[in-house]
Amino acid sequence: MTTANIYLNFRGNCEEAFSFYQSVLGGEIPYVSRYKDIPAEDGNSPNLADAQKILHISLPVSNETVLMGSDVVGEHAAGFIEGNNFSISINTGSREKADLIFNGLSKGGKVTMPMNETFWGAYFGMLTDRFGINWMVSFDLKNAKG
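Rules of the game
- Residues numbered from 1 in each chain as written.
- Predicted model: local features only at pLDDT ≥ 70, side-chain atom pairs only at ≥ 80, totals over all residues.
- Heavy atoms only, no water.
- Helix = DSSP H or I, 4+ residues; strand = E, 2+ residues; numbered from the N terminus.
- Expected span 1.5 Å × (residues − 1).
- Buried < 20%, exposed > 50% of the residue type's maximum accessible area, 1.4 Å probe, protein only.
- Arc of directions from axis to C-beta.
- Contact = heavy atoms within 4.5 Å.
- Lys, Arg positive; Asp, Glu negative; His and termini not counted.
- Salt bridge = Lys/Arg side-chain N within 4 Å of Asp/Glu carboxyl O.
- Pairing = 2+ DSSP bridges.
- Axes fitted to C-alpha atoms, helices over the stretch in contact; angles between N-to-C directions.
- Core = buried A, V, L, I, M, F, W, Y, C linked by side-chain atoms within 4.5 Å.
- Patch = residues over 30% accessible without salt bridge, like charges linked within 9 Å, V, L, I, M, F, W, Y side chains within 5 Å.
- Areas by Shrake-Rupley, 256 points an atom, 1.4 Å probe, with all protein chains shown as cover.

1. A closer look at helix 2 (residues 95-106)
Along an α-helix, residues three or four apart share an orientation, since each turn contains 3.6 residues.
Here is step 1 of the chain: The terminal C-alpha atoms of helix 2 lie 16 Å apart, and with 12 residues this matches the ideal 16 Å at 1.5 Å per residue to within 8%.
Here is step 2 of the chain: Residues of helix 2 that are buried: Ala98, Ile101, Phe102 and Ser106. Angular distribution of buried residues about the axis of helix 2 spans 120°; they occupy a single face of the element. With respect to the buried face of helix 2, the exposed residues turned more than 90 degrees away are Glu96 and Leu100.
Here is step 3 of the chain: Buried residues belonging to helix 2 abut strand 5 (86-92), strand 6 (110-117), strand 7 (122-128) and strand 8 (134-140).
Here is step 4 of the chain: In the segment just after helix 2, Gly108 is the residue with positive phi, at about 80°.

2. Overview of the side chain of Asp129
Here is step 1 of the chain: By the secondary structure assignment, Asp129 is in the loop between strand 7 and strand 8.
Here is step 2 of the chain: No salt bridge is formed by the buried Asp129. Its closest oppositely charged neighbour is Arg130, at 7.0 Å.
Here is step 3 of the chain: Excluding its chain neighbours within four sequence positions, the residues that come into contact with Asp129 are Leu105, Gly109 and Trp135.

3. Here's the deal with the sheet that holds strand 5
For sheets, the rule is that strands pair by backbone hydrogen bonds, running either parallel or antiparallel.
Here is step 1 of the chain: Pairing in this open sheet of eight strands is mixed, and the strands run 2-3-4-1-5-8-7-6 from one edge to the other. Edge positions in the sheet fall to strand 2 (31-34) and strand 6, since each has one partner strand and no second. This sheet shows a mean twist of 20° between the axes of neighbouring strands, independent of strand direction.
Here is step 2 of the chain: Of the pairings in the sheet, the one linking strand 1 (residues 3-10) to strand 5 comprises six bridges and is antiparallel in character. Each bridged residue has a counterpart across the sheet, and for Ala4 the counterpart in strand 5 is Ile90.

4. Overview of the nonpolar core
General note: in soluble globular proteins, nonpolar side chains tend to be found buried as a group.
Here is step 1 of the chain: Counting residues in hydrophobic clusters, the biggest one holds 10 residues: Ile90, Ala98, Ile101, Phe102, Met115, Tyr123, Leu127, Trp135, Val137 and Phe139.
Here is step 2 of the chain: At the level of secondary structure, the elements contributing two or more residues to this core comprise helix 2, strand 7 and strand 8.
Here is step 3 of the chain: The residues contacting Val137, other than those within four sequence positions of it, are Ile90, Ala98, Ile101, Phe102, Met115, Tyr123, Phe124 and Gly125.
Here is step 4 of the chain: One finds Cys14, Ala17, Phe18 and Leu59 within the second-largest nonpolar core, a separate group that totals nine residues.

5. Description of a nonpolar patch on the surface
Here is step 1 of the chain: On the surface, a nonpolar cluster with roughly 390 Å² of combined accessible area is contributed by Phe20, Val24, Leu25 and Val61.
Here is step 2 of the chain: As for its position among the elements, Leu25 is in helix 1 (residues 14-25).
Here is step 3 of the chain: Given the relative accessible area of 48%, Leu25 is considered partly exposed.

6. Observations concerning the pattern of salt bridges
Here is step 1 of the chain: Applying the stated criterion across every chain yields a total of four salt bridges.
Here is step 2 of the chain: Two residues, Glu15 and Arg34, come together in a salt bridge whose shortest N-O distance is 2.9 Å. Here Glu15, found in helix 1, pairs with Arg34, found in strand 2; they are 19 residues apart in sequence, far enough to count as distant.
Here is step 3 of the chain: Given a relative accessible area of 17%, Arg34 falls into the buried group.

Following this line, the structure appears as structure tokens:
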């Protein structure tokens, strides 16, 4: 089943924002990942100033809807624009469906992260479509049949 959720980006206050959203919307935050959790690759490690900032957080709002977010850090922070700091996150039931949606949405747009397997266990990519809307497309690899 394909679902759509909102993904919010923040300039260093994601944790504060999600504490506020949780106080208003209720529910439990089942997962928080920080930049310090990124595995070092080729000798690269996250900037120590950003280590405690939020890489990913989620707050289920209903059985079908999850509010997700992260802090924008490093070179990506320069492009942060309040009011345009969100993406629509599409989660699919298959890698093929993820590719179909990603390729369709990216026509005439700009791919910011090609579809690829990630360290968090997803097949994932990001793009901005030709209308300026930011999208994240994901398939949970744990759902892949052996």
